[in-house]
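Chain residues, written in single-letter form:
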Amino acid sequence: DIPGSTQNPFKAVAVIGGGYDRVHDTAAYNAAADTFGAGIHVIDLFSGATLWYAGHSSSNADLKLAKMTKAIPTRVKVLDINGDSFADRMYASDMGGQVWRFDVSNGNGAATLVAGGVIAQLGAEGLATPTAGDTRRFYNSPDVAMFKDPRQNRRFISVSIGSGYRAHPLDLSATDRFYSIRDPYVFNALDQQQYDNIVPFTEADLVEVSGNVNTVVTANDAGWKFTLPDNQMVLAESVTFNDEVFFIAFTPDTQGAAICRAGQGTNYLYRVSILNGDPIMDDLGNVPTGGEDDARRSQLAQGGIAPSPQFLFPSADDPNCTGSDCAPPPIGCIGVECFDPGFQNNPVRTLWTQDGIE
């Protein structure tokens, strides 16, 4: 609800990123601000009119942000944290490897409707002299979920995302990673001054889990990161369900490309714990030394760039079913290739939650 703006009677809007800048088709990182795409727009779903937008400090945006210099071609994640049917939180990612968070104050005019800023810098943006290995780009949206860490006995919002150069998947210059950042301000809205004073999380604030199991993420850590092996990159959005993260990593066929032979590459499905990136298995003590990363993944049959995982919860065929027959096992699918996701067909929607109440 934006007073002072002409909205449709249902207050229905679309929230979109500014788009893509073709400067990112060039492998070398361009430190200058992007010409196109560096913004977020709220558009009336009926008329198409722009009701609010964020952009660089030099723009005429409603929310001017000095760090908003890189294109945002991905879907903006919009949440209703307090369950009042209005958006009050947003997360976004950009081509400079940055992760953004915004708080929405419904009922405010466009000038004070949204506060926001960068909460993590995981690529070249923000570095004085980035190397080719630092040029991580986010071509996919953040995967946002709430979870509780039993070690710290508190809730976090996980913001998970992987990097990869989708415009040139044969370019292996960057050191690509998968990240799971912990946003500690689950229910607390931040004002613009607080956002302006945030020191964004960087690589140094995240615990490396590659090659390890039983990693401890402490209260001083901003989350965990997984350095992808074998020239892998993440080119599709991850999915978090049941405190587990499912994501696809792609390895291009560089040998085929070297002799001008079309190659489909190889896809891997990763299934890891949201708490610390551990492989999902009954006994982590059975993981052989050197096999920690293999335990996290399984190879897919399909080539090309695989899509994000999807979960299906079938209904019972028999209307007179009883017990477990009424809840057939769920199915995970990546395109037409399906797998057992490892949890029960008992999805429960959480409409309200509070720390200390189970």
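About the cut-offs
Residues numbered from 1 in each chain as written. Predicted model: local features only at pLDDT ≥ 70, side-chain atom pairs only at ≥ 80, totals over all residues. Heavy atoms only, no water. Helix = DSSP H or I, 4+ residues; strand = E, 2+ residues; numbered from the N terminus. Buried < 20%, exposed > 50% of the residue type's maximum accessible area, 1.4 Å probe, protein only. Contact = heavy atoms within 4.5 Å. Lys, Arg positive; Asp, Glu negative; His and termini not counted. Charge placed at Lys NZ, Arg CZ, Asp CG, Glu CD. Core = buried A, V, L, I, M, F, W, Y, C linked by side-chain atoms within 4.5 Å. Pairing = 2+ DSSP bridges. Axes fitted to C-alpha atoms, helices over the stretch in contact; angles between N-to-C directions. Disulfide = S-S within 2.5 Å. Salt bridge = Lys/Arg side-chain N within 4 Å of Asp/Glu carboxyl O.

(A) A look at the overall build of the chain. Of regular secondary structure, the chain possesses three helices and 20 strands. Referenced to the eigenvectors of the C-alpha coordinate spread, the extents of the chain come out at roughly 60 × 60 × 40 Å. Taking all 358 residues of the chain together, 47% fall into the buried category. Once local pairs closer than 6 in sequence are excluded, the contacts in the chain between residues at least 24 apart make up 61%. Taken together, the 24 basic and 42 acidic charged side chains of the chain have centroids lying 4 Å from each other.

(B) Structural detail: the nonpolar core. If you look at the biggest cluster of nonpolar residues, it comprises 21 residues, and the most contacted ones within it are I40, W52, M68, M90, F102 and V114. If you list the elements that add at least two residues to this core, you get β2 (40-44), β3 (50-56), β4 (63-65), β6 (89-93), β7 (98-104) and β8 (114-121). Ignoring sequence-local partners within four residues, the contact set of M90 consists of V15, W52, V76, K77, V78, W100, R101, F102, V104 and V114. In terms of nonpolar packing, the next biggest core, distinct from the first, is built from 16 residues, F147, W224, L228 and F247 among them.

(C) Fine view of the sheet that holds strand β17 (residues 297-299). If you trace the four strands from one edge of the open sheet to the other, you get β14-β15-β16-β17, paired in antiparallel fashion. Of all strands in the sheet, those bounded by a partner on one side alone are β14 (239-241) and β17. Here the strands of the sheet are splayed against their neighbours by 25° on average, with no regard to which way each runs. Direction of pairing for β14 relative to strand β15 (residues 244-251): antiparallel, over a ladder of three bridges. Within β15, the position partnered with T240 by the bridge is V245.

(D) Region of interest: the pairing of strand β9 (residues 143-149). In terms of burial, β9 is largely enclosed, as five of its seven residues are buried. Relative to strand β10 (residues 154-162), β9 runs antiparallel, the two sharing seven bridges. Bridging across to β10, K148 finds its partner in R155. Counted between consecutive antiparallel strands, the loop separating β9 from β10 contains four residues, among which N153 sits at a positive phi close to 55°.

(E) Layout of the state of the cysteines. Tallying each qualifying case throughout the model produces two disulfides. By sequence-ordered numbering of the bonded cysteines, the chain has its disulfides arranged as 1-2, 3-4.

(F) Molecular detail of the environment of V209. Mapped onto the secondary structure, V209 falls in the loop between β12 (207-208) and β13 (223-227). Through-space distance from the C-alpha of V209 to that of D293 is 9.1 Å; in sequence the pair is 84 residues apart. The contacts of V209, once residues within four sequence positions are left out, are T215, W224, K225, F226, N276, G277 and R296.

(G) A look at the pattern of salt bridges. Scanning the model with the defined rule gives 15 salt bridges in all. Across the pair K70 and D34 runs a salt bridge, and its minimum N-O distance is 3.5 Å. Taken together, the positions of K70 in the loop between β4 and β5 (77-79) and D34 in the loop between β1 (13-17) and β2 put the pair 36 residues apart, joining distant regions of the chain. Residue E237 is joined to R75 by a salt bridge in which the shortest nitrogen-to-oxygen separation is 3.2 Å. One end of the pair, E237, is in the loop between β13 and β14; the other, R75, is in the loop between β4 and β5, with 162 residues separating them in the sequence. E237 sits in the buried class, given a relative accessible area of 17%. Salt bridges here are not isolated pairs; linked through shared partners, they connect R89, R101, D103 and D183.

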